[in-house]
Amino acid sequence: MKKSIHTLIALMMKQLTNGCILHTLQTKIRYIIEEITSGVFNATNLKKKYTNDCQQMKGGIPLLSRLVITGYKAHELGIFNDNHPGIPIIKKAILDRLIPLIEDGLEWIILSGQLGVETWAAEVVMDLQLDYPDLKYAIMTPFLDQEKNWNEAKQEKYEMILAQADFVTSLTKRPYEAPWQFIEKNKFFLKNSDGILIVYDDENEGSPKYIKKLAKQYADKNEYEILLINAYDLQVVAEEEQMKNWEF
């Protein structure tokens, strides 16, 4: 197994110098770790997967140019106001994932605008646009007036996010009728993006499980990237931020 791992890493480094970007290298190292921890390691399959990804990046074309971001709704995390200490941690985790992707050519962030991870992600993108002015974000709601029953403060924040968005639309162009509108939104997002970043942990079940399941099904048949930020990732960010505070 050691020889197989060393051979694959050597291939990665060679293809990195031939145009494969750092993000792709990091992704494939993650593939290796996942395979090893699962107790199964097939170097041939991993080599094929890595080579295919690199071939998609001919001429410097990024693997991800359109990324969906979604995750828990605020109330699913027990967050009911903007002062909750968990929000900066989630936003920092999203920021850390986005910067390498942006530097590799990410152009569009796609959101539905639901309260929680998606609105925090929009705030992260607005901040990033100061340093990366070519980055854009779209708000595509599953139905009209989704903010209709939100309180005034939440509506004001949502309107600000809409006002700053580079593109806004309602996918079904009708008021809420039934859950099918969420399903159609999920399908549209997957078909019109190159990947998805989901803030979700299987041990804390919530609404993101539906789009995660659909994304896996879609990725099985299409070239599609699924990125996750789970509870462990958030814990790492929280500890890093705590260490920074201790330094001062």
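What this report covers is the structure whose coordinates are included nearby. The structure displayed is predicted, hence computed values, not measured ones. (Residues numbered from 1 in each chain as written. Predicted model: local features only at pLDDT ≥ 70, side-chain atom pairs only at ≥ 80, totals over all residues. Heavy atoms only, no water.)

On to the side chain of Thr172. For Thr172, the location among the structural elements is in the loop between strand E4 (167-170) and helix H7 (180-191). Of note is the side chain of Thr172, whose polar atom sits 2.6 Å from the backbone oxygen of Pro142. A polar atom in the side chain of Thr172 sits 3.2 Å from the side chain of Gln181. Non-local contacts of Thr172, meaning those with residues more than four positions away in its chain, are made with Pro142, Phe143, Trp180 and Gln181. (Helix = DSSP H or I, 4+ residues; strand = E, 2+ residues; numbered from the N terminus. Polar contact = N/O pair within 3.5 Å; in protein donor to acceptor, adjacent residues only side chain to side chain. Contact = heavy atoms within 4.5 Å.)

As enumerated under the stated definition, the model contains 12 salt bridges in all. In this structure, the salt-bridge partner of Asp194 is Arg66, at a minimum N-O distance of 3.0 Å. With Asp194 in the loop between H7 and strand E5 (195-199) and Arg66 in strand E1 (residues 66-71), this pair connects stretches of sequence that are 128 residues apart. With a relative accessible area of 18%, Asp194 lands in the buried category. Judged by its relative accessible area of 31%, Arg66 is partly exposed. Between Asp202 and Lys212 there is a salt bridge, with its nearest N and O atoms 2.8 Å apart. Taken together, the positions of Asp202 in the loop between E5 and helix H8 (208-221) and Lys212 in helix H8 put the pair 10 residues apart, joining distant regions of the chain. (Salt bridge = Lys/Arg side-chain N within 4 Å of Asp/Glu carboxyl O. Buried < 20%, exposed > 50% of the residue type's maximum accessible area, 1.4 Å probe, protein only.)

Here we take up the sheet that holds E1. Read from one edge to the other, the open sheet built from six strands follows the order E4-E3-E2-E1-E5-E6, with strand pairing classed as parallel. Edge positions in the sheet fall to E4 and strand E6 (225-229), since each has one partner strand and no second. Adjacent strand axes in the sheet meet at a mean angle of 20 degrees when their direction is disregarded. Relative to E4, strand E3 (residues 136-141) runs parallel, the two sharing four bridges. Residue pairing in the sheet places Ala138 in a bridge with Phe167 of E4. The sheet contacts of H7 involve E1, strand E2 (108-111), E3 and E5, and relative to E3 the element is tilted by about 155 degrees. The strands that H8 touches are E1, E5 and E6; relative to E5, the one it contacts most, it runs at about 150 degrees. (Pairing = 2+ DSSP bridges. Axes fitted to C-alpha atoms, helices over the stretch in contact; angles between N-to-C directions.)

Ranked by size, the top nonpolar core spans 51 residues in total, and within it Ile69, Ile94, Leu98, Ile109 and Tyr137 carry the most contacts. Beyond its immediate sequence surroundings of up to four residues, Ile94 is in contact with Ile69, Val117, Ala121, Val124, Val199 and Ile229. (Core = buried A, V, L, I, M, F, W, Y, C linked by side-chain atoms within 4.5 Å.)

Honestly, that's just the spatial picture; any functional story needs more than this.
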